[in-house]
Amino acid sequence: MVSKKQKVRTVILVLLLAIAIVGGVFAISYYKGGVTFPWQVTAVTETKEEVAEEPQDEKLTVTVVEPEAKEETKKEAVTEEKPKDVKKVEETTEETPVEETPVEETTAATVDNKLDYYGQLHVEDGVLVDAEGETVQLTGVSSHGLSWYPEYVTADSIKALRDNWGINVIRLAMYTSDYNGYCVAGEEIQSVLKDNIDEAVTAATENDMYVIIDWHILNDGNPNEYKSQAIQFFGEIVRKYEDNENVIYEICNEPNGDTTWEDIKKYANEVIPVIRNVDEDALILVGTPSYSSDLDSVLEAPLDFDNIMYTYHFYAGTHKSSARNSLTNALDAGLPVFISEYGLVSADGDGTVDTKEAEKWIDILKEYNLSSCIWNLSNKAEGSALISADCDKTADFEYEELSEQGQYFFDLLQNNKSNTENKR
Ligand code: IDC
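Enquirer: What's the story with the overall build of the protein chain in this structure? I'm lost.
Expert: Check the secondary structure of the protein chain and you find 12 helices and 10 strands. A buried classification covers 44% of the 424 residues belonging to the protein chain. The contacts of the protein chain with a sequence gap of at least 6 include a subset with a gap of at least 24, amounting to 75%. As displayed, the protein chain offers around 22600 Å² of accessible surface, 51% of which is attributable to carbon and sulfur atoms.

Enquirer: What exactly am I supposed to notice about the nonpolar core here?
Expert: Most often, soluble globular proteins keep nonpolar side chains buried together rather than apart. Counting 86 residues, the largest nonpolar core has Trp165, Trp215, Ile251 and Val286 as the members making the most contacts within it. Considering each element in turn, this core owes the most residues, seven residues, to helix α7 (residues 261-276). Once residues lying within four places of it in the same chain are set aside, the contact partners of Ile251 are Trp215, Phe234, Tyr267, Ala268, Val271, Ile272, Ile275, Ile284, Leu285 and Val286.

Enquirer: Explain the sheet that holds strand β9 (residues 337-343) to me, please; I cannot follow it from the model alone.
Expert: Two modes of strand pairing occur in sheets, parallel and antiparallel, and in both the strands are linked by backbone hydrogen bonds. Strand order around the closed barrel formed by eight strands is β3-β4-β5-β6-β7-β8-β9-β10, with parallel pairing between neighbours. Adjacent strand axes in the sheet meet at a mean angle of 25°, parallel and antiparallel pairs treated alike. One ladder, built from five bridges, connects strand β3 (residues 139-145) with strand β10 (residues 372-377); its direction is parallel. Following the sheet pairing, Thr139 is matched in β10 by Ser372.

Enquirer: Would you mind showing me how to read the site of the ligand here?
Expert: Surrounding the ligand, one finds 16 residues, the nearest of these being Tyr175, His216, Glu254, Lys380 and Glu382. Between the ligand and the protein, one listed contact pairs an oxygen atom with a side-chain N or O atom of Asn253 at 3.1 Å. Between the ligand and Glu382 there is a distance of 2.8 Å, counted from an oxygen atom to a side-chain nitrogen or oxygen. For the ligand, whose free accessible area comes to 510 Å², the fraction covered by protein is 85%. The residue makeup of the shell around the ligand, split by class, is six nonpolar, five polar and five charged.

Enquirer: Which parts of the structure should I look at to understand the confidence of the model for the protein chain?
Expert: Averaged over every residue, the pLDDT of the protein chain is 83; residues scoring 70 or more account for 74%. Ignoring residues within four places in sequence, the model shows residues 24-96, a span with pLDDT below 50, making 20 contacts including any to other chains. Counted against residues more than four places away or in other chains, residues 418-424, with its pLDDT under 50, gives three contacts.

Enquirer: Which parts of the structure should I look at to understand the pattern of salt bridges?
Expert: Should the charged atoms of two oppositely charged side chains come close, the side chains can pair. Within this structure, the stated rule accounts for 12 salt bridges. Close ionic contact of Lys114 with Asp163 constitutes a salt bridge, the shortest N to O distance being 3.5 Å. On the criterion of sequence distance, the pair formed by Lys114 in the loop between α3 (97-105) and β1 (122-124) and Asp163 in helix α4 (residues 155-165) is long-range, its members being 49 residues apart. The closest approach of N and O atoms between Arg171 and Asp214, which form a salt bridge, is 3.1 Å. Taken together, the residues span a long stretch of sequence, with Arg171 in strand β4 (residues 169-175) and Asp214 in strand β5 (residues 210-216) at a distance of 43 residues.

Enquirer: Please explain the environment of Ser143 as it appears in this structure.
Expert: As for its placement among the helices and strands, Ser143 is situated in strand β3. C-alpha of Ser143 to C-alpha of Asp214: the two residues are 71 residues apart in sequence and 9.8 Å apart in space. Apart from the residues lying within four places of it in its own chain, the contact partners of Ser143 are Val153, Arg171, Leu172, Ala173, Trp375, Asn376 and Leu377.

Enquirer: Please explain α4 as it appears in this structure.
Expert: Each α-helix winds once per 3.6 residues, and so residues spaced three or four apart point in a common direction. All of the buried residues in α4 are Ser157, Ile158, Ala160, Leu161, Arg162, Asn164 and Trp165. A positive backbone phi angle near 70° is found at Gly166, which sits one or two residues after α4.

Enquirer: Is there a simple way to explain unusual backbone geometry in this structure?
Expert: For residues besides glycine, phi is generally negative; the peptide bonds are generally trans as well. Across the junction of Trp375 and Asn376, the peptide omega takes the value 10°, indicating a cis bond. Assignment of secondary structure puts Asn376 in strand β10. Even without being a glycine, Tyr179 presents a positive backbone phi close to 45°. By the secondary structure assignment, Tyr179 is in the loop between β4 and α5 (187-206). The class for Tyr179 is partly exposed, based on a relative accessible area of 45%. Positive phi, normally seen in glycine, also occurs at Ser292, with a value near 55°. Locating Ser292 in the fold gives a position in helix α8 (residues 289-292).

Conventions adopted
Residues numbered from 1 in each chain as written. Predicted model: local features only at pLDDT ≥ 70, side-chain atom pairs only at ≥ 80, totals over all residues. Heavy atoms only, no water. Helix = DSSP H or I, 4+ residues; strand = E, 2+ residues; numbered from the N terminus. Buried < 20%, exposed > 50% of the residue type's maximum accessible area, 1.4 Å probe, protein only. Contact = heavy atoms within 4.5 Å. Areas by Shrake-Rupley, 256 points an atom, 1.4 Å probe, with all protein chains shown as cover. Core = buried A, V, L, I, M, F, W, Y, C linked by side-chain atoms within 4.5 Å. Pairing = 2+ DSSP bridges. Axes fitted to C-alpha atoms, helices over the stretch in contact; angles between N-to-C directions. Near = heavy atom within 4 Å. Polar contact = N/O pair within 3.5 Å; in protein donor to acceptor, adjacent residues only side chain to side chain. Nonpolar A, V, L, I, M, F, W, Y, C, P; charged D, E, K, R; others polar. pLDDT = per-residue confidence, 0-100. Salt bridge = Lys/Arg side-chain N within 4 Å of Asp/Glu carboxyl O.

As structure tokens, then:
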């Protein structure tokens, strides 16, 4: 009989044996690596993750920083290269003669013939004449304020005006009190203005043109307000240009307000000798009351100097037949008149060309051989500007780049030429 004790011992033995066998098998498998125990799985996964994450981070850091930097460099390099490529393409295009043809199509509007240059001018019997006493007519443009639009009064732009439009006079409007005017802007701007005048006078001289140096009073209605500055300015300027027979001095643009002809005479009698003491032949233009429109007062008591012309200004949109009558009355009475400024638009400098009135005014200019300058050489957004507001060029304008008044003026110049040709 097997005792209970023996049975228990046998079971324990079998169990121990089984444990030993299973343990052995597991041990072998473990060392062979064929079996992955659950704890191993966790450990491996954890290790893998750890291992995988760390290098990934490092890699990311490396891949993020390094390649991006490289990419940037690459991008920069590419960007740098692109313009080169574009340039190369452009250069190639420029080099192709066929591609250059359109450039020629964009040439400036140019009249057929240039107006003449006459040398030293004089006033004889109320008329502007050359050395031989032949009647002379100057036709040209006035600048806008020199402080405001100096870019249109450079050596290049003046040469282009002469070459393309054929005009023989340019007026340099130097405001005295408005818009950084000479008398209010300080020494630095004064010297800039004088440099601009010098460049323009030199260009006019080199291109056989007359040049008017205009002391452009306006809001300072009475020229006596800045008389001492005028005396100093003209004294300095005339010494600079005493040998330039093409320089014309305009000593006060438009006296206005309650300024009388007597006030203007008082001023003129002081300023004119300053100029004449240095350049005794200089042609001098003198403004008249009411914005240079009152010639009647002048007729009653003209100045006592030779080679003086009185200025008369008109704007076709505002000034009509009564203004024309007062001008022709003075001319018929033998008063020497110079139209140093006019517009075909309104007197405020804006509006459209009044073609009906413009035609009548132009007829008078032709009939009396009046010298004149049209207001104004700029691209300001106003009717009197000769250049379109959307044109940034300061020379060599195409016809389409001129304003309505600019085109009208250009057509006049062109027709003048053909008229002259026809007469010959
Ligand atoms: C105008 C200019 C305008 C400027 C104004 C200043 O065209 O851009 O703002 O002066 O007040 C004149 C003057 C001349 C005027 C012009 C047109 O001599 O300076 O220019 N004008 O108003 N007299 C009659 C008309």
